[in-house]
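Single-letter residue listing:
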Amino acid sequence: MKRIRSGILVLALLLLRPLASSPQSFRREFTPFQDARPVIENLREILPAELKAASAESASIWPAWIKKRDAEIRARLERGEEDTLVNLLLFGISYTKRSRLTFAEIEKLAQQQANATPPLLLALQARADDLVRAAASPGNNERLIFANQVLTKRKGFDLTSPEGRLLARQYLLASVARVLNEQSGYARILAAARQQGDATEEFAVRSRLYSTRGLSFDTSLPPNYAIERALVALQRRGAFAPGSVRRVAIIGPGLDFTDKQEGYDIYPIQTIQPFALIDALLRLGLSSPKDLKVFTFDISQRVNYHLKAIVEQAKRNRTYALWLPLDTQVPWQQDLVEYWERVGQSISRSSSIERVPELKLRLRTLRVAPQFIRMIEPIELNIVTERLALPDDEKFDLVIATNVFVYYDIFDQSLAALNIERMMKKGGFLLSNNALLELPTLHLRSLGYSTTVYSERPSDGDHIVWYLHD
């Protein structure tokens, strides 16, 4: 196959530039103590050690604590980016002629790590050599530029020397071993929760499973289908009037880098959720093109720069390409296949589908029209510790957060819920595929949920909980 190359050098260069501040019209602020106090009082038994020890002095230490917590969360991005690099090593094909590893092979790898010579481990070592070699001369390949940055600037490996390449290879293999061990631990936690026979408790455990893991920006298409189905269900219940959704926030929009399930590296790095959501809102008649505005909140510079760059390009009337892969080996539900075939039709100028036989893949390409790209406003914001100070008429009708809260514990989740609530209109909805603790002092209440199954693979689907700001 003639592989698709990035060719978007401007985006790669933007990754190296300092982070721009949020637009002056939006004032970011740390969560004030007077707002956080009820959360602290309700969750005193599980507070972080510093807050629990401070007790009556919590008000005095809060400004320093919230800034420290903000820095701690942002520091987790580094580990998350290293996890993304592991995904590139396991699943990428843009830098190697070797096949992507399958889930079955990865499971075998997890069992064979102690054995130094199994063929699968040798294949992994060969992929690591290929990635290091390619990262040394990344050219315009955005993913390889990213790998070069991690290996040289962050880890300090000299990829021009045999010794440096060997150290980089060892680092990559150690990272794979770490990730596999972590995944085994998460699987044991979920299995223990499942054995209790309480589906609600299992969902709660799953909703904070990665609270000690690095923050990842990887994303894929299926959760957007679950969001669309939730919107349809709420529309049928009369929760939204036609054209009533005007201001929307997406927390953690993410990038399709090389997601471990549905992503590939044969097309440029892209963001999916803002466009899938705009398409759904317009197609369902919940929003009007003339007044829909979508704000994205993320702490990842890579995500924010990508969004900022494509919005700037749209101001010059440039389109944005979306590449939507569909693995033909996966036993997808027919309704998800139909969603894949139609998503983006209301916002794109053109659409085409090709087959990639050697990958057993169908690949759908869209060209998003500039007027829909210009609906997006990227803002750097940590939802656990920060919020925008918004007047009532600028608050959000709808907030989306998929695969976000899973990276936080109950206290962090509750602070995030507080910040979201303060930015929402009364009667607005938060849609999330993670369960949040409903504190009596907050005004987010679960109105129900929708369940979407993606495929016949075990546990391949999402529950989307509908939280109403009452």
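Residues numbered from 1 in each chain as written. Predicted model: local features only at pLDDT ≥ 70, side-chain atom pairs only at ≥ 80, totals over all residues. Heavy atoms only, no water.

A. Structural detail: the packing of aromatic side chains. For the structure on display, the rule yields 15 aromatic pairs. The interplanar angle of 65 degrees and the centroid separation of 4.8 Å between the aromatic rings of Phe146 and Phe257 together place this pair among those described as edge-to-face. In this pair, Phe146 sits in helix α7 (residues 142-154) while Phe257 sits in the loop between β2 (247-251) and α11 (273-283), placing the two residues 111 residues apart along the sequence. Through a chain of ring-to-ring contacts, three or more aromatic side chains come together here, namely Phe33, Trp62, Trp65 and Phe411. Across from the ring centre of Tyr210, 4.3 Å away, lies the NZ or CZ of Arg213, which sits over that ring. Lying across the ring of Trp332, Arg457 places its NZ or CZ 5.1 Å from the centre. (Phe/Tyr/Trp six-rings, centres within 6.5 Å; stacked < 30°, edge-to-face > 60°. Helix = DSSP H or I, 4+ residues; strand = E, 2+ residues; numbered from the N terminus. Lys NZ or Arg CZ within 6 Å of the ring centre and 35° of its normal.)

B. Looking closely at the nonpolar core. Leu85, Leu231, Leu398 and Leu431 are the most contacted members of the largest nonpolar core, which has 91 residues in total. Among the elements that line this core, the one with the most residues is helix α6 (residues 119-136), at 8 residues. The residues touching Leu431, leaving out its near neighbours within four places in the chain, are Ile227, Ala230, Leu231, Leu234, Leu398, Val399, Ile400, Ala401, Ile464, Val465 and Trp466. (Core = buried A, V, L, I, M, F, W, Y, C linked by side-chain atoms within 4.5 Å. Buried < 20%, exposed > 50% of the residue type's maximum accessible area, 1.4 Å probe, protein only. Contact = heavy atoms within 4.5 Å.)

C. Quick look at the sheet that holds strand β6 (residues 361-368). Spatially, 3 strands are ordered β4-β6-β5 in an open sheet, and the strand pairing comes out antiparallel. A single partner strand is all that each edge strand has here, and the edge strands are β4 (320-327) and β5 (348-356). Sheet twist, expressed as the mean angle between neighbouring strand axes with direction ignored, is 15 degrees. With 8 bridges joining them, β4 and β6 adopt antiparallel strand pairing. (Pairing = 2+ DSSP bridges. Axes fitted to C-alpha atoms, helices over the stretch in contact; angles between N-to-C directions.)

D. Seen up close, the packing of helix α10 (residues 222-236) against α11. α11 packs onto α10 with a crossing angle of 25 degrees between their chain directions and a minimal axis gap of 10 Å. When the axis of α10 is compared with that of α11, the two are roughly parallel. Once α10 is placed against α11, the crossing between them reads as right-handed. For the pair formed by α10 and α11, the contact residues are Asn224, Ile227, Glu228 and Leu231 on the first element and Gln273, Ala276, Leu277, Ala280, Leu281 and Arg283 on the second. The residue inventory of the contact of α10 with α11, partitioned by class, reads 6 nonpolar, 2 polar and 2 charged. (Parallel < 35°, antiparallel > 145°, perpendicular 65-115°, else oblique. Left-handed = near helix turned anticlockwise from the far one by under 90°. Nonpolar A, V, L, I, M, F, W, Y, C, P; charged D, E, K, R; others polar.)

E. Just the layout of surface pockets, in detail. The computed volume of the second largest pocket comes to approximately 580 Å³. In this structure, the second largest pocket is lined by 25 residues; those nearest its centre are Arg100, Thr102, Tyr264, Gln329 and Leu359. Residues that form the lining of the second largest pocket fall into these classes: 10 nonpolar, 5 polar and 10 charged. For the lining of the second largest pocket, the domains that each give at least three residues are domain 1 (76-207) and domain 2 (221-469). (1 Å grid on protein atoms, 1.4 Å probe; cavity = no way out; pocket = protein on both sides within 12 Å on 5 of 7 lines; lining within 4 Å. Points joined across faces, edges and corners; volume = space filled by probe spheres on them. Domains from an automatic or database assignment.)

By themselves, these figures tell us nothing about what the structure is for.
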